[in-house]
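Structural characterization, general
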Amino acid sequence: MVARRTKEEALATRHRLLDAAELLFQAQGVSQTSLQQIAQQAGATRGAIYWHFKDKADLFNAMMERVILPLEAGPKAICASTAATTADDPLAEIEEGMIHALTLMTTDPQVRRVFDVATHKVEYTHDMASVQQRHLDARNACVADFEKALQLAARRNRIRLPVPSYAAAQGLHALISGLIQNWLLDPEAFDLVPMGRHSLRVYFEGLGFVRTSLHIAVADDAETTVA
């Protein structure tokens, strides 16, 4: 019984340290936040940090692993759903998967906070090399999943992409990540979800995916904007 309570207390301390790191990293940046500050914010000791984490980079990566970020979860879900079904419109699966990701960003404060830290509040210094590698690995995996999804969509729509599928996937990643990063800078500047949907449809149309429903939806959006 005592051992179980001790394990639960240790887990609670770990979560307090990660909660404190999230808040401090977002408020003052990763490089400007010391492990001592994190310990004080969490009501713990510096020794407690080193009990749970090897260094700041290890703590940072643990903070990232507590949430599923939009550009890590979205593509895998898309590929799984499109590969598992016989739907005639896998492009719609791509769109809805990414809209779900953008909605997650606007509705889950922790996801928003961690993404903000990961994109705007971290410097890839030598001691944060493992953090940079994690970012690169996640980016590469995301692009690879986008590429598979776009290839499947092209086959089912019987079109040839105007650029290599890898380039199309890179562009799609840049579109989504750029929208999120700019929205985080000023959430009042635009509504992320409808802007994301409209931008995705324009991008897909530029790749040669022409659907009657897409034209109608984009036209409706334009009329709403003008009105």
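This section reports on the structure supplied with the text. All of these numbers come straight from a predicted model, not from anything done at the bench. (Residues numbered from 1 in each chain as written. Predicted model: local features only at pLDDT ≥ 70, side-chain atom pairs only at ≥ 80, totals over all residues. Heavy atoms only, no water.)

Observations regarding the overall build of the protein chain
Put simply, the rule is: Numbered from the N terminus, helices here are DSSP runs of H or I no shorter than four residues, and strands are runs of E no shorter than two. Using a 1.4 Å probe on the protein chains alone, a residue whose accessible area is under 20% of its type maximum counts as buried, one over 50% counts as exposed, and one in between counts as partly exposed. All accessibility values rest on the Shrake-Rupley procedure with a 1.4 Å probe; residue burial counts only the protein chains present in the view.
Within the protein chain, the secondary structure is distributed over 11 helices and 0 strands. The order of α-helices and β-strands along the protein chain, N terminus first, is α-α-α-α-α-α-α-α-α-α-α. Within the protein chain, buried positions represent 41% of all 227 residues. Per element, the accessible surface of the protein chain, about 12,100 Å² overall, is 55% carbon and sulfur.

Brief notes about the pattern of salt bridges
To be explicit about the condition: Salt bridges, as used here, are contacts in which a Lys or Arg side-chain nitrogen is within 4 Å of a carboxyl oxygen on Asp or Glu.
What the rule picks out here adds up to 7 salt bridges. A salt bridge links Glu22 to Arg66, with the shortest nitrogen-to-oxygen separation between them at 2.9 Å. Of the two residues, Glu22 is situated in helix α1 (residues 2-28) and Arg66 in the loop between α4 (56-65) and α5 (70-84); the sequence distance between them amounts to 44 residues. On the basis of relative accessible area, Glu22 is assigned to the buried category, the value being 1%.

Quick notes on helix α7 (residues 109-120)
Our working definition: Each helix should span, by expectation, one fewer than its residue count multiplied by 1.5 Å. Distance and chemistry together define a polar contact, namely a pair of N or O atoms within 3.5 Å, with one atom able to donate a hydrogen and the other to accept it when in protein, and with adjacent residues in sequence counting only for side-chain atoms on both sides.
End to end, α7 covers 16 Å across 12 residues, agreeing with the expected 16 Å (1.5 Å per residue, within 8%). Every buried residue of α7 is listed here: Val111, Arg113, Val114, Phe115, Asp116, Val117 and Ala118. If you check the start of α7, you find a side-chain oxygen 3.0 Å away from the backbone N of Gln110, and it comes from Asp108.

Here's the deal with the packing of helix α8 (residues 129-157) against helix α9 (residues 165-185)
The criterion, for reference: For every element, the axis is a line fit to its C-alpha atoms; helices are fit only across the contacting stretch, and the angle between N-to-C directions ranges from 0 to 180 degrees. Throughout this description, any angle smaller than 35 degrees is read as roughly parallel, any larger than 145 degrees as roughly antiparallel, any in the 65 to 115 degree range as roughly perpendicular, and the remainder as oblique. With the far helix as reference, a near helix turned anticlockwise by less than a right angle produces a left-handed crossing, and one turned clockwise produces a right-handed crossing. Residue contacts follow a heavy-atom distance rule, with two residues in contact if any of their heavy atoms lie within 4.5 Å.
It is the contact of α8 with α9, at a shortest axis distance of 8 Å, that shows an interaxial angle of 120°. On the basis of the axis angle, α8 is oblique to α9. α9 is crossed by α8, and the crossing has right-handed handedness. On α9, the residues touching Arg139, Cys142, Val143, Phe146, Glu147, Leu150 and Gln151 of α8 are Ser165, Tyr166, Ala168, Ala169, Gln170, Leu172 and His173.

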